[in-house]
Amino acid sequence: MASFKGYKRKDGSTGVRNYIAVLPTVGCVNVAAQKIATQIDDAVPFLHHQGCTQLSPDIDIVERVLAGIAKNPNVKSVLLVSLGCESVTAEKVKKSISQHKDVDLVRFQELGGLKETVSKGVKKIKEMSKDAEEERTEAEVDDLVIGVKCGASDTTSGIASNPAIGKTVDNIIEMGGTVIFGETTEVLGAEHILTKRAVNENVKKKIYDKVDEMEERAADFGVDMRGGQPTEGNIKGGLTTIEDKSLGAIVKSGTKPINGVLEYGERPDKKGLYFMDSPGREMEFMTGVASAGSQIILFSTGIGAPQGFPISPVIKVTGNKHTYENLNEHMDVDVSNIIEGKETTGEAGKRVFEGLLEVASGKKVKAENVGYDDSGVNSDIYTRGPVI
Amino acid sequence: MSQKAHLINTRDNVAVAVEDIYPGEKIVVDKDRKIEIKIKDKIKYGHKFSLKDMSSGEPIIKYGEEIGEATKKIEKGEHVHVHNVESRRGRGDLK
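Residues numbered from 1 in each chain as written. Chains lettered and ligands numbered in written order. Predicted model: local features only at pLDDT ≥ 70, side-chain atom pairs only at ≥ 80, totals over all residues. Heavy atoms only, no water.

Caption draft 1: Just the overall build of chain B, in detail. Looking only at helices and strands, one finds zero helices and nine strands in chain B. Helices (α) and strands (β) of chain B occur, in sequence order from the N terminus, as β-β-β-β-β-β-β-β-β. Taken over the C-alpha trace, chain B has a radius of gyration of 13 Å; the compact-globule value for 95 residues is 12 Å, and the two agree within 12%. Taking the principal axes of its C-alpha atoms as reference, chain B extends roughly 45 × 25 × 20 Å. Residue pairs in contact within chain B that sit at least 24 positions apart in sequence constitute 42% of those at least 6 positions apart. Total accessible area on chain B is roughly 4,900 Å²; 47% of this is exposed by carbon and sulfur atoms. Side-chain charges in chain B split into 20 positive and 17 negative, and the spacing between the mean points of these groups amounts to 1 Å. (Helix = DSSP H or I, 4+ residues; strand = E, 2+ residues; numbered from the N terminus. Rg over C-alpha atoms; globule rule 2.2 N^0.38 Å. Contact = heavy atoms within 4.5 Å. Areas by Shrake-Rupley, 256 points an atom, 1.4 Å probe, with all protein chains shown as cover. Lys, Arg positive; Asp, Glu negative; His and termini not counted. Charge placed at Lys NZ, Arg CZ, Asp CG, Glu CD.)

See the structure below:
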């Protein structure tokens with residue numbers, strides 16, 4: 001049985017990193033959260049631009065995601081930074097977190113501004129984190145929740161990196177772990193194929209419903225998501241039909257049954273493979289799967305997407321040899337051997353899996369090494385309604 | 001020697017060119033099963049060619065799944081694309 005060394009949490013989860021999360025409950029106090037985090041080793045701010053002047057369904061999402069990020073196994077303790085007049089109810093978020101983690105709260109307006117908030121925030125973090133686990137101990141693959149994503153794709157993504165990650169996903173599921181994929185727009189045209197893997201009729205219906213809802217939202221803007229797919233550029237590149245394009249993306253979810261459909265940022269209640277209703281844009285997608293508890297994100301890229309994520313390390317896998325060499329500062333795993341016929345997809349997938357266990361045990365990914373995982377730049381919460 | 005085409009799934013009836021391939025070239029697609037295809041058209045990088053003779057209406061299989069159906073007879077080694085394949089789900093250059 002493959003294993004790794006991680007940080008055991010009181011709630012039974014296992015972290016692969018050991019962060020103190022500093023969470024602003026509204027974008028207005030991002031600066032305060034950032035300044036607090038820079039004064040403490042291990043502290044990481046999770047910056048975003050939401051939490052106020054939004055309708056209640058969106059505020060619910062923001063509250064769910066703030067709590068989700070706080071509960072991520074990579075987080076040992078949490079400081080919430082509230083402005084005071086925002087729509088998010090900081091106390092409610094704190095209460096939800098407190099069953100899982102040590103959590104405290106500072107209020108910016110009540111404390112009289114930045115200086116006091118930073119000094120009080122730093123003091124609270126120092127008091128809070130004393131009994132957190134600081135040693136890594138043996139953990140099993142079934143403790144892992146892995147997010148899967150592709151971005152800046154090219155022809156090699158559908159041939160090499162997505163199929164390789166699909167094999168890795170199968171490995172993780174076979175060992176009792178959990179994997180979350182999503183990007184609802186990418187399912188379009190292949191939903192009839194994806195739903196064959198749904199564990200039951202309910203899950204099947206939910207996948208169809210989420211695709212329908214996404215298409216309806218686009219239609220409200222006068223855009224037909226299905227028409228014009230694949231694009232002229234896709235056709236020129238060799239993609240023939242919408243199924244051809246979508247299968248190239250969803251192949252990264254492997255071949256195992258889909259246990260359930262998650263709302264954006266929602267934590268799965270069991271192990272196995274899950275589909276999350278989510279956008280494809282990097283910062284919102286990665287926030288969604290991190291909120292669902294992903295300790296690591298596997299990211300397939302062709303042309304080369306550089307971004308990491310502040311809470312969960314992101315492993316960049318590419319099948320494009322030129323990208324691996326040209327953007328070597330940002331690429332973690334080269335699977336171009338598949339295209340050259342020197343390695344099978346299964347062998348490459350196993351290599352990605354082994355690399356993932358090293359990252360789980362503490363090996364830094366490129367984005368962590370070069371500092372491309374800064375919060376605020378690489379994170380945001382996905383909301384849907386009008387901003388008031 | 002590096003390969004010129006890649007078979008994604010052993011159930012597939014098309015392979016993807018991983019570099020430009022020219023008519024008359026003989027391409028080994030699957031070393032284990034010794035599938036050798038004589039190419040009939042120019043197949044650009046990323047494009048597909050047929051691994052068998054197909055009749056009109058036959059499903060095109062890639063990733064082990066149906067990506068569309070042949071709209072006419074397709075011979076082994078022929079370019080498989082929008083000119084001879086149609087989706088049952090929609091295609092970008094059709095209104």
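Still more ground to cover, so stick around.
Caption draft 2: Geometry of the sheet that holds strand S1 (residues 5–6) of chain B. Spatially, four strands are ordered S1-S2-S5-S8 (chain B) in an open sheet, and the strand pairing comes out antiparallel. Edge positions in the open sheet fall to S1 and strand S8 (79–80) of chain B, since each of these has one partner strand only. (Pairing = 2+ DSSP bridges.)

Caption draft 3: Highlighting the packing of aromatic side chains. Residue and element names in this part refer to chain A. For the structure shown, the criterion picks out three aromatic pairs over all chains. Ring geometry for Phe46 versus Phe309: centroids 6.3 Å apart, planes at 55 degrees, classification tilted. You can see Phe46 sitting in the loop between strand S4 (43–45) and helix H2 (56–71) and its partner Phe309 sitting in the loop between strand S12 (296–301) and strand S13 (314–318), a full 263 residues away along the chain. For Phe46, a relative accessible area of 0% translates into the label buried. Residues Tyr264 and Tyr382 carry aromatic rings whose centres are separated by 5.4 Å and whose planes lie at 75 degrees to one another, so their mutual orientation is edge-to-face. Note that Tyr264 is positioned in the loop between strand S10 (258–262) and strand S11 (272–276) and Tyr382 in the segment after helix H16 (366–370), a separation of 118 residues in sequence. When the ring centre of Phe285 is taken as reference, the NZ or CZ atom of Lys149 above it lies at 5.6 Å. (Phe/Tyr/Trp six-rings, centres within 6.5 Å; stacked < 30°, edge-to-face > 60°. Buried < 20%, exposed > 50% of the residue type's maximum accessible area, 1.4 Å probe, protein only. Lys NZ or Arg CZ within 6 Å of the ring centre and 35° of its normal.)

Caption draft 4: Highlighting the interface of chain B and chain A. Residue-level contacts link 30 residues of chain B with 30 residues of chain A. Both faces combined, the contact of chain B with chain A buries some 2,300 Å², and carbon together with sulfur accounts for 57% of it. Joining chain B to chain A, the criterion identifies three salt bridges. Lys196(A) is paired through a salt bridge with Glu65(B); the nearest N and O atoms lie 2.8 Å apart. Inspection of the chain B/chain A interface yields 15 residue pairs in polar contact (both at pLDDT 80 or more). At the level of secondary structure, the elements contributing two or more residues to the side of chain B that touches chain A comprise strand S7 (65–70) and strand S9 (85–86) of chain B. The element that contributes the greatest number of residues to the side of chain B that touches chain A is S7(B), accounting for four residues. For the side of chain B that touches chain A, a count of residues per class yields ten nonpolar, ten polar and ten charged. (Buried area = accessible area lost by both parts, 1.4 Å probe. Salt bridge = Lys/Arg side-chain N within 4 Å of Asp/Glu carboxyl O. Polar contact = N/O pair within 3.5 Å; in protein donor to acceptor, adjacent residues only side chain to side chain. Nonpolar A, V, L, I, M, F, W, Y, C, P; charged D, E, K, R; others polar.)

Caption draft 5: Representation of the sheet that holds strand S6 (residues 59–62) of chain B in the model. Strands sit in the order S6-S7-S9 (chain B) across an open sheet of three strands; the sheet is antiparallel. The outermost strands of the open sheet, each flanked by one partner alone, are S6 and S9 of chain B. As defined by bridge partners, S7(B) adjoins S9(B) across two bridges and the pair is classed as antiparallel. Residue pairing for S9(B): Glu69(B) is matched across the bridge by Glu86(B). Its contacts with the sheet put helix H11 (residues 242–250) of chain A on S6 and S7 of chain B, and the angle it makes with S7(B) is roughly 165 degrees. (Axes fitted to C-alpha atoms, helices over the stretch in contact; angles between N-to-C directions.)

Caption draft 6: Summary view of helix H6 (residues 155–174) of chain A. All names here are of chain A. Here H6 contains 20 residues, and its C-alpha end-to-end distance of 29 Å stays within 8% of the 28 Å for a straight helix at 1.5 Å per residue. At Asn162, H6 is deflected by roughly 30 degrees, the largest bend along its length, and proline Pro163 occurs up to four residues later in sequence. In terms of burial, H6 is a largely internal element, 16 of the 20 residues being buried. Positive phi shows up at Gly176, right after H6, with a value of about 90 degrees. (Expected span 1.5 Å × (residues − 1). Bend = angle between axes of the 7 residues up to and from the residue.)

Caption draft 7: Representation of the packing of H6(A) against helix H15 (residues 345–360) of chain A in the model. All names here are of chain A. For the pair H6 and H15, the least separation of the axes is 7 Å and the interaxial angle reads 60 degrees. In the packing of H6 onto H15, the handedness of the crossing is right-handed. Residues Pro163, Ala164, Lys167, Thr168, Asn171 and Ile172 of H6 touch H15, and the partners they reach there are Thr345, Gly346, Ala348, Gly349, Lys350, Val352, Phe353 and Leu356. Grouping the constituent residues of the contact of H6 with H15 by class yields seven nonpolar, five polar and two charged. (Left-handed = near helix turned anticlockwise from the far one by under 90°.)

Caption draft 8: Quick look at H11(A). Counting buried positions along H11(A) yields eight of nine residues, so the element is predominantly enclosed. All buried positions along H11(A) are accounted for by Ile242(A), Glu243(A), Asp244(A), Ser246(A), Leu247(A), Gly248(A), Ala249(A) and Ile250(A).

Caption draft 9: The arrangement of the nonpolar core in detail. Formed by 63 residues in total, the largest nonpolar core has its most connected members in Ile315(A), Val335(A), Leu356(A) and Ile60(B). Beyond its immediate chain neighbours, meaning those up to four positions away, Ile315(A) contacts Ile296(A), Ile297(A), Leu298(A), Phe299(A), Asp332(A), Val333(A), Leu356(A), Val359(A) and Val365(A). Ala21(A), Ala67(A), Ala70(A) and Val314(A) belong to the second-largest nonpolar core, a separate cluster that totals 41 residues. (Core = buried A, V, L, I, M, F, W, Y, C linked by side-chain atoms within 4.5 Å.)

Caption draft 10: Local environment of the packing of helix H1 (residues 30–38) of chain A against helix H5 (residues 114–128) of chain A. Residue and element names in this part refer to chain A. One way to put it is that H1 packs onto H5 with a least axis distance of 9 Å and a crossing angle of 45 degrees. Classified by the interaxial angle, the pair formed by H1 and H5 is oblique. Between H1 and H5 the crossing geometry is right-handed. In this structure, H1 uses Val31, Ala32, Lys35 and Ile36 to contact H5, whose residues at the interface are Leu114, Thr117, Val118, Gly121, Val122 and Ile125. For the contact of H1 with H5, a count of residues per class yields seven nonpolar, two polar and one charged. (Parallel < 35°, antiparallel > 145°, perpendicular 65-115°, else oblique.)

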